[in-house]
Amino acid sequence: MLNLLAYLVGLVSLVIVIPSQIPFFGWGNWLALPLIVVGIVLGALSSKDGGRNFCLVVLLIAGVRLSLGGGVF
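Right, let's walk through the structure included here. (Residues numbered from 1 in each chain as written. Predicted model: local features only at pLDDT ≥ 70, side-chain atom pairs only at ≥ 80, totals over all residues. Heavy atoms only, no water.)

**A few points about the overall build of the protein chain**
A count of helical and extended segments in the protein chain gives 3 helices and 0 strands. In sequence order, the protein chain lays out its α and β elements as α-α-α. Against the globule reference of 11 Å for 73 residues, the protein chain gives a C-alpha radius of gyration of 12 Å, in line with a compact fold. For the protein chain, the residues scored as buried account for 37% of the 73 residues in total. On the protein chain, roughly 4400 Å² of surface is accessible, and the fraction owed to carbon and sulfur atoms is 82%. (Helix = DSSP H or I, 4+ residues; strand = E, 2+ residues; numbered from the N terminus. Rg over C-alpha atoms; globule rule 2.2 N^0.38 Å. Buried < 20%, exposed > 50% of the residue type's maximum accessible area, 1.4 Å probe, protein only. Areas by Shrake-Rupley, 256 points an atom, 1.4 Å probe, with all protein chains shown as cover.)

Here it is, written out as structure tokens:
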């Protein structure tokens, strides 16, 4: 059950992160980061690794975009 919740939180985060790839919408990644962390924690508490790994991939996408945009753009 926690794995499913981790997937759902990761999916919501991904919906926020994808439009944040457009220039000047990088602030959306900052909104998604707390959700991603919640998803990682839920996935870590689960007996399976799929939800946690999905959230880690979303975190990687958001982190790379923030580092390329200097943290804002």
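**Some remarks on the packing of helix α1 (residues 2-17) against helix α2 (residues 27-45)**
Between α1 and α2, whose axes approach to 8 Å, the crossing angle comes to 165°. When the axes of α1 and α2 are compared, the pair comes out roughly antiparallel. Regarding α1 and α2, the two cross each other, and that crossing is left-handed. Contacts from Leu2, Leu5, Ala6, Val9, Val12, Ser13, Ile16 and Val17 of α1 reach α2 at Gly28, Asn29, Ala32, Leu35, Ile36, Gly39, Leu42, Gly43 and Leu45. Of the residues assigned to the contact of α1 with α2, the class counts are 12 nonpolar, 5 polar and no charged. (Axes fitted to C-alpha atoms, helices over the stretch in contact; angles between N-to-C directions. Parallel < 35°, antiparallel > 145°, perpendicular 65-115°, else oblique. Left-handed = near helix turned anticlockwise from the far one by under 90°. Contact = heavy atoms within 4.5 Å. Nonpolar A, V, L, I, M, F, W, Y, C, P; charged D, E, K, R; others polar.)

**A word on the side chain of Ser13**
Here Ser13 is to be found in helix α1. When near neighbours in sequence (up to four residues on either side) are disregarded, Ser13 contacts Ala32, Leu35, Ile36 and Val58.

**Some details on the pattern of salt bridges**
Counted under the stated rule, the structure contains 1 salt bridge. Ionic pairing is found between Asp49 and Arg52, a salt bridge with its closest N-O pair at 3.8 Å. With relative accessibility at 40%, the residue Asp49 sits in the partly exposed group. Judged by relative accessible area, which is 26%, Arg52 ranks as partly exposed. (Salt bridge = Lys/Arg side-chain N within 4 Å of Asp/Glu carboxyl O.)

**Things to note about the environment of Gly50**
Mapped onto the elements of the fold, Gly50 is located in helix α3 (residues 50-68). Placed 13 residues apart in sequence, Gly50 and Gly63 show a C-alpha to C-alpha distance of 20 Å. If sequence neighbours within four positions are ignored, Gly50 has contacts with Asn3 and Tyr7.

Worth remembering: the numbers are spatial, not functional.
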